[in-house]
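Per-entry structural report
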Amino acid sequence: MTDTVTQKDSKTDAILLAAFDTFRAYGFRRTSMEDIAKAAGMSRAALYLHFRNKEDIQRSMTVAYYDSVATKVEEALAQDGSVTELLTAAFAEHAGEAFKLLLESPHGDELLDSQNHASHAEAQNGQQKVSAIYAAWLVREKQAGRIAFDAFGGDADIVAEILSLALYGLKAGQSDYAGFDKRRDFLARMFAASLTK
């Protein structure tokens, strides 16, 4: 039973990776199930055994992406370091390699526009999950006496949501990851400075 589950998960992961590469190459709208099946090294009929359509694939991809981001952000914030170091590391994980690959794609704007694709609800849930991790970290840091956010209303959930939204907004209109990278780190330092006692 475990081997069957592992094989299924492995095949699903391979399909999602193939779909990600195909979406980056052709854009979501121009990509067909045939394109994804070919990239995954399987027949279209076999692909339909795993996913109903490309919207279903996109939803699964979005959930997997945010699960990965949540884990990485949580790990980054659990390390030792200054508030600035921790927030910089968390932002780097939040908008890391997958985002870089999307940004460098000629279809990056289409793929990053979570408001206009099938996985909008999954993206919102994922963003809320990541925001909750920032909120928990803010509470821990406040209890440790390392930060204060009373001047911002004292609500960790709202401060965390603003952190996430600011990082998301920084992505808009970017076509150069190196430039984004610098602004992302600057944003982390700016927030850290405003929160640090």
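So, here is what we can say about the structure in this document. Keep in mind the model is a prediction, meaning the values are calculated, not measured. (Residues numbered from 1 in each chain as written. Predicted model: local features only at pLDDT ≥ 70, side-chain atom pairs only at ≥ 80, totals over all residues. Heavy atoms only, no water.)

**What to know about the packing of helix α5 (residues 83–94) against helix α8 (residues 120–143)**
Close contact between α5 and α8 brings their axes to 13 Å; oriented N to C, the two are set at 175°. By the angle between their directions, the pair α5 and α8 is classed as roughly antiparallel. Each of Val83, Leu86, Leu87, Ala90, Phe91 and His94 in α5 lies in contact with α8, whose residues at this interface are Val130, Tyr134, Trp137 and Glu141. The class makeup of the residues in the contact of α5 with α8 is eight nonpolar, one polar and one charged. (Axes fitted to C-alpha atoms, helices over the stretch in contact; angles between N-to-C directions. Helix = DSSP H or I, 4+ residues; strand = E, 2+ residues; numbered from the N terminus. Parallel < 35°, antiparallel > 145°, perpendicular 65-115°, else oblique. Contact = heavy atoms within 4.5 Å. Nonpolar A, V, L, I, M, F, W, Y, C, P; charged D, E, K, R; others polar.)

**Looking at the packing of aromatic side chains**
A complete count under the given rule lists four aromatic pairs for this structure. Residues tyrosine 65 and tyrosine 66 carry aromatic rings whose centres are separated by 4.9 Å and whose planes lie at 75° to one another, so their mutual orientation is edge-to-face. The class of tyrosine 66 is buried, set by a relative accessible area of 9%. In this structure, lysine 54 is placed above the aromatic ring of phenylalanine 28, and the distance from its NZ or CZ to the ring centre is 4.7 Å. (Phe/Tyr/Trp six-rings, centres within 6.5 Å; stacked < 30°, edge-to-face > 60°. Buried < 20%, exposed > 50% of the residue type's maximum accessible area, 1.4 Å probe, protein only. Lys NZ or Arg CZ within 6 Å of the ring centre and 35° of its normal.)

**Some words on the environment of glycine 41**
If you trace the backbone, glycine 41 turns up in the loop between α2 (33–40) and α3 (44–48). Owing to a relative accessible area of 64%, glycine 41 belongs among the exposed residues under this scheme. As a C-alpha pair, glycine 41 and alanine 18 span 23 residues in sequence and 8.8 Å in three-dimensional space.

**A word on the pattern of salt bridges**
Within the structure shown, the criterion is met by eight salt bridges. Note that lysine 129 and aspartate 67 form a salt bridge whose closest N and O atoms lie 2.8 Å from each other. With lysine 129 in helix α8 and aspartate 67 in helix α4 (residues 54–77), this residue pair connects regions lying 62 residues apart in the sequence. Looking at aspartate 67, the relative accessible area reads 35%, which means it is partly exposed. Salt bridges linked by common partners bring Asp181, Arg184 and Asp185 together as one network. (Salt bridge = Lys/Arg side-chain N within 4 Å of Asp/Glu carboxyl O.)

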